[in-house]
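# Descriptive structure summary
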Amino acid sequence: MNSTAFSAPILKRFARCLLPFVAATWVFSFSGCAGSKVRAQETASGKDSPVEVFGPKAPEGNSAAVPSYGPEPFQVRPLVVILGPGLARGYAHAGVLRALEQEKIPIAGVFGTEMGAWVGSVYAASRSIHEFEFLLMRFRPSAFTRPQGILSGFGSGENRGGELEDSLEKAFGAKEFRETRVPLHLLAQKKSGRVAVLDSGQIARAVRAVMGVSGWMSSSEHEGELTHSSGSVRAFPIQEARAWHPQLPILVVDVSLPIPKNDPVAGPLFADFAIQARALGQQPEVILRPKLDTVGPWDFERRNEAIFAGKASVKEQLAWIKRVVGMP
C-alpha cells in the first residue's frame, strides 16, 4: 500500500482537531492586543482608574460631603446616682440599682449617705449584680437593729456596731475605693461639724464611719476623728455630685416618706430628710420616691418589700430616665 495514501486520512483528521485550537488562539491574541492598546492609550492620557465605574462617584477633595447611612448615632450620658439616708427603708436603694442594671442604664458614679452609703458601697465593690445581691443578703438584719430592751422603744439604746463591723470586714476585706467598678463617694460629718467626702482608703472603715446616727448606731473614728452620718445636714449631696462631674445627669433616691409618727428618734430624722428633699427642687434630673408606706424605719426584717418598692419606682419613671440619659 502507498504510504502517502495511508497518511492522507490521518492528516485530515488531525487538521480538523487542530483547527478549533488555532482559532481560539487567534481570538485571544487579538483580544490581548486590543486590551494592550486600550491600556496603552489610558496610560498615555494619564488615566489610572478603570473605564467603568460602579456606584456613586467618590467625593473629590474636601468640598463634597461624605454621605452617612443608617440612623443617627445617639449620645448616652451615664447617671450619677445619689442614695440618701433612711434606716431600714434604705434597702429600696438596692432595688433601684438592680432595676437600672436590668434596663442597662449606665451609672457613672455613686454618692451615698448612711444606709445609702452602705448599699452603694456593696454595689460598687461587687463584680456583678448577682454578687451585689449575694453580698447584700449576707448582712443579717441584726447587724442594723437596736438592742432590744425596756428602753429601746424610747430611743435610749444604740447599736454599738460590732456585728456590722464584722460583716463589713467579711464583705469588703481590705478592698479600697480605687478598686471599685464605679467611682464611689460617701458623705460623713466630722465631730467638728465639717461635712467630708470619703473616697479613698479602705471601704469597710469608711462605711462604718458614715453609719453613725444618734439613737441608732454609735459613731466611730475615721482618720483620727469621730465621724457619723451627714444625713441631718446633707442627706443628698447634689453640690458634691455636680462638682465631681458637672455635665452628667443626677438621679436621687429619696426614701424619707412617709415621716414616722410618735418616734422620738426616727421622726425628727425623717422630717429633716424630707425638708432637704423638698429643697432639691429641679436640681436633679430624676428623683425617685419608692412607695414605702408599709416599711417603717426600724423594719430591717422587711428588706424584701423595700427592695421591690425600689424596683417599682424605676419602672414607673423608666421612659423619663432613658430620655435623660439619651437612650432610645
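Refer to the structure presented above.
Residues numbered from 1 in each chain as written. Predicted model: local features only at pLDDT ≥ 70, side-chain atom pairs only at ≥ 80, totals over all residues. Heavy atoms only, no water.

## Describing the overall build of the protein
The number of helices and strands found in the protein is ten helices and eight strands. Within the protein, the proportion of its 328 residues that are buried is 45%. In the protein, of all internal contacts separated by at least 6 residues, the share reaching a separation of at least 24 is 74%. (Helix = DSSP H or I, 4+ residues; strand = E, 2+ residues; numbered from the N terminus. Buried < 20%, exposed > 50% of the residue type's maximum accessible area, 1.4 Å probe, protein only. Contact = heavy atoms within 4.5 Å.)

## Describing unusual backbone geometry
The residue after Leu 257, namely Pro 258, is reached through a cis peptide bond having omega -5°. Among the secondary structure elements, Pro 258 is positioned in the loop between strand S7 (250–253) and helix H8 (266–279). The phi dihedral of Glu 114 is positive, around 55°, even though this residue is not glycine. Residue placement: Glu 114 occurs in the loop between strand S2 (107–112) and helix H3 (115–125). By relative accessible area, Glu 114 is classed as buried at 1%. A positive phi angle, near 55°, is found at Glu 223, a position not held by glycine.

## Looking at the side chain of Asn 159
You can see Asn 159 is positioned in the loop between helix H4 (129–137) and helix H5 (162–172). For Asn 159, a relative accessible area of 9% puts it in the buried group. Among the polar contacts made by the side chain of Asn 159, one reaches the main-chain carbonyl oxygen of Thr 145 at a distance of 2.8 Å. In terms of polar contacts, Asn 159 uses its side chain to reach the backbone amide nitrogen of Gly 161, at 2.7 Å. Apart from the residues lying within four places of it in its own chain, the contact partners of Asn 159 are Ser 142, Ala 143, Phe 144, Thr 145, Pro 147, Trp 216, Met 217 and Ser 218. (Polar contact = N/O pair within 3.5 Å; in protein donor to acceptor, adjacent residues only side chain to side chain.)

## As for helix H9 (residues 303–316)
Its 14 residues place the ends of H9 20 Å apart at the C-alpha level, agreeing with the 20 Å of an ideal helix rising 1.5 Å per residue. Where H9 is concerned, the buried positions are Arg 303, Ala 306, Ile 307, Ala 309, Gly 310, Ser 313 and Val 314. Taken down its axis, H9 places every buried residue within 160° of arc, on the same side. H9 presents Phe 308 and Glu 316 as exposed residues on the side facing more than 90 degrees away from its buried surface. (Expected span 1.5 Å × (residues − 1). Arc of directions from axis to C-beta.)

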